[in-house]
Amino acid sequence: MRRLTLCALVMPVWLFSQNTISVKVHNVPSEDGKINVAVYDSDESFLKFDKVVKTGSAEAHEGVVALKLEDMPAGEYALAVFHDENDNDELDTNWLGIPTEKVAFSKGKMKTFGPPKYRECVFKVNSDYEINIEL
């Protein structure tokens with residue numbers, strides 16, 4: 001009975017544990033603006049601004065910029081990162097819709113005719129997780 005009580009107390013903490021995703025963005029070209037990160041949890045929501053699970057940002061500086069996304073439940077996620085050089089909180093694009101600011105993704109790479117798919121970028125979080133992204 002004592003063992004059952006202990007399991008009942010510990011199990012909810014384990015089920016709802018929150019994790020931190022530590023993001024290191026490499027090759028930041030300048031100190032202008034900031035680095036923005038968006039977290040997505042499904043193919044349907046990927047790269048849709050109104051379906052972001054969580055966002056984070058850090059001041060840009062040349063080289064590597066690190067930031068943490070805290071309180072993330074265990075699950076599958078994909079990240080989109082961009083260098084908001086003019087600090088207007090938007091991904092600037094040209095008249096064709098092609099980004100004019102540097103963009104990167106967790107695991108996946110930008111393609112000739114558009115961004116990667118969610119499945120190409122996805123990673124699993126079961127505990128604190130660290131990811132390196134090349135901008």
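See above for the structure.
Residues numbered from 1 in each chain as written. Predicted model: local features only at pLDDT ≥ 70, side-chain atom pairs only at ≥ 80, totals over all residues. Heavy atoms only, no water.

Enquirer: Please give an account of the packing of aromatic side chains that cites residues and values.
Expert: Scanning the model with the defined rule gives four aromatic pairs in all. Aromatic side chains F46 and F105 sit 6.3 Å apart centroid to centroid with 55° between the ring planes, which places their arrangement in the tilted category. Placement of F46 in the loop between β2 (34-40) and β3 (54-59) and of F105 in strand β6 (residues 103-105) is noted, with a sequence separation of 59 residues between them. F105 carries the same exposure label as F46, and that label is buried. Ring geometry for F123 against Y129: centres 4.8 Å apart, planes inclined by 15°, an arrangement best described as stacked. Taking relative accessible area as the criterion, Y129 reaches 23% and is therefore assigned partly exposed. Grouped by ring-pair contacts, the aromatic residues Y40, F46, F105 and Y118 constitute a single cluster. (Phe/Tyr/Trp six-rings, centres within 6.5 Å; stacked < 30°, edge-to-face > 60°. Helix = DSSP H or I, 4+ residues; strand = E, 2+ residues; numbered from the N terminus. Buried < 20%, exposed > 50% of the residue type's maximum accessible area, 1.4 Å probe, protein only.)

Enquirer: Kindly report on the pattern of salt bridges, identifying the contributing residues and their values.
Expert: Under the definition given, this model contains five salt bridges. For the salt bridge of K34 with D89, the shortest nitrogen-to-oxygen distance reads 2.7 Å. Taken together, the residues span a long stretch of sequence, with K34 in strand β2 and D89 in the loop between β5 (75-84) and β6 at a distance of 55 residues. The class for K34 is buried, based on a relative accessible area of 14%. In this structure, K111 engages E120 in a salt bridge whose closest nitrogen and oxygen atoms are separated by 3.1 Å. (Salt bridge = Lys/Arg side-chain N within 4 Å of Asp/Glu carboxyl O.)

Enquirer: Requested: an account of the nonpolar core, with residues and values cited.
Expert: Formed by 22 residues in total, the largest nonpolar core has its most connected members in I21, V23, I35, L69 and L79. Listing elements by their share of this core, those giving two or more residues are β1 (18-28), β2, β4 (63-73), β5, β7 (123-125) and β8 (129-134). (Core = buried A, V, L, I, M, F, W, Y, C linked by side-chain atoms within 4.5 Å.)

Enquirer: Account for a nonpolar patch on the surface, naming residues and giving values.
Expert: Side chains of W95, L96 and I98 sit close together on the surface and give an oily, nonpolar patch of about 420 Å² of accessible area. Relative to the assigned elements, W95 resides in the loop between β5 and β6. (Patch = residues over 30% accessible without salt bridge, like charges linked within 9 Å, V, L, I, M, F, W, Y side chains within 5 Å. Areas by Shrake-Rupley, 256 points an atom, 1.4 Å probe, with all protein chains shown as cover.)

Enquirer: So, the side chain of N36: which residues are in play, and what are the values?
Expert: Mapped onto the elements, N36 comes out in strand β2. For N36, a relative accessible area of 11% gives the class buried. The contact partners of N36, leaving out residues within four places of it in the chain, are G56, S57, A80, V81, F82 and D84. (Contact = heavy atoms within 4.5 Å.)

Enquirer: Describe the sheet that holds β4, listing the residues and the values that go with them.
Expert: Pairing is mixed across the open sheet formed by three strands, whose spatial order is β4-β1-β8. Every other strand in the sheet has two partners, leaving β4 and β8 as the edge strands with one partner each. Adjacent strand axes in the sheet meet at a mean angle of 20° when their direction is disregarded. In this structure, β1 lies alongside β4, joined through eight bridges in antiparallel fashion. Counted as the bridge partner of I21 is L69 from β4. (Pairing = 2+ DSSP bridges. Axes fitted to C-alpha atoms, helices over the stretch in contact; angles between N-to-C directions.)

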